[in-house]
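A structural walkthrough
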Amino acid sequence: MKKFKFFKHDEKAMELPINIVVMLVVGMVALATLISIMPTPTKEMSVFVENAGLRGSTLAKGNSIIVDSSTAENSLAITVVVKATDNDGNPVRNANVILRGLGGAASNTTDANGITFLTTPDNARIRLDPNQNEGTMDLKVVADGFYDYEKKDAILIIKTR
């Protein structure tokens, strides 16, 4: 008859729980590393310049602002209405919208409808040089869960004679 050998007297039996714990720790570290390098899910964003114009005047549809030469001699304050939506047409809320160029800048965040009004403040007004007949401004929109939107020459300012 064969005699049974108990684990409590076998030194190799103690290696098994230690090996299991070590493999569990290494596996958890590998899983945490894989999760940390996975990109966060992001979506595309559609941005539209609804209206644009001089501050205090009627805003025209579109992204062009036309000024006469006497108005363009001084620095300009403009207002632009921007709407941000996802690809399904849902508004993008709390997106940071930045408009800059021609020596001026404006920024704001979108409301619950995905709309924001950007108005250049008195200390960041637009300037057209005396020999400059047109100029453009760039638009950037940043929102959590979305790819950043950047549009060069988003606003066109034209000086008439």
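Quantities reported herein were computed from a predicted structural model and do not represent experimental measurements. (Residues numbered from 1 in each chain as written. Predicted model: local features only at pLDDT ≥ 70, side-chain atom pairs only at ≥ 80, totals over all residues. Heavy atoms only, no water.)

Observations regarding the side chain of Thr85
- Structurally, the position occupied by Thr85 is in strand β4 (residues 78–86).
- Residue Thr85 is classed as buried on the basis of its relative accessible area of 7%.
- Discounting chain neighbours no more than four positions away, the residues touching Thr85 are Met45, Ser46, Phe48, Asn90, Pro91 and Val92. (Helix = DSSP H or I, 4+ residues; strand = E, 2+ residues; numbered from the N terminus. Buried < 20%, exposed > 50% of the residue type's maximum accessible area, 1.4 Å probe, protein only. Contact = heavy atoms within 4.5 Å.)

Some points on the sheet that holds strand β1 (residues 45–54)
- In spatial order, the strands read β2-β1-β4-β7; together these 4 strands make up an open sheet with antiparallel pairing. Pairing within the sheet leaves two strands with one partner each, and these edge strands are β2 (60–61) and β7 (115–119).
- For β4 and β7, the ladder comprises 5 bridges, and the chain directions are antiparallel. Within the sheet, the bridge partner assigned to Val82 lies in β7 and is Thr116. (Pairing = 2+ DSSP bridges.)

So, the pairing of strand β9 (residues 149–160)
- In the sheet, strand β3 (residues 64–68) pairs with β9 via 5 bridges, with the strands oriented parallel. Its bridge partner being in β9, Ser64 is matched across the sheet by Leu156.
- Here 7 bridges tie strand β8 (residues 134–142) to β9, and the two strands are oriented antiparallel to one another. Residue pairing in the sheet places Thr136 in a bridge with Leu156 of β9.

Remarks on the sheet that holds strand β6 (residues 104–109)
- As summarised here, the arrangement of the 5 strands in space is β3-β9-β8-β5-β6, forming an open sheet in which the pairing is mixed. The sheet is open, and its two borders are formed by β3 and β6, each paired with just one other strand. Here the average twist between neighbouring strands, direction ignored, is 20°. (Axes fitted to C-alpha atoms, helices over the stretch in contact; angles between N-to-C directions.)

Some details on the UniProt feature "transmembrane region" (unreviewed entry) in the protein chain
- Under the UniProt annotation, "transmembrane region" (unreviewed entry) lies at residues 20–38.
- Within residues 20–38, the helical portion is 95% and the strand portion 0%, while the C-alpha atoms at the span's ends are 27 Å from each other. (UniProt positions renumbered as here; feature names shortened; annotations may be inferred.)

Section: the confidence of the model for the protein chain
- Taken residue by residue, the protein chain gives an average pLDDT of 88. The fraction at 70 or more is 91%.
- Model confidence for the protein chain, summarised as mean pLDDT per element, is weakest for helix α2 (residues 69–72) at 84 and strongest for strand β5 (residues 96–101) at 96. (pLDDT = per-residue confidence, 0-100.)

Things to note about unusual backbone geometry
- One non-glycine residue, Asn94, lies in positive phi territory at about 55°.
- Secondary-structure assignment places Asn94 in the loop between β4 and β5.
- A positive phi is found at Asp153, a non-glycine position, where the angle reads about 55°.
- Among the structural elements, Asp153 can be located in strand β9.
- Residue classification places Asp153 among the partly exposed residues on the basis of a relative accessible area of 46%.

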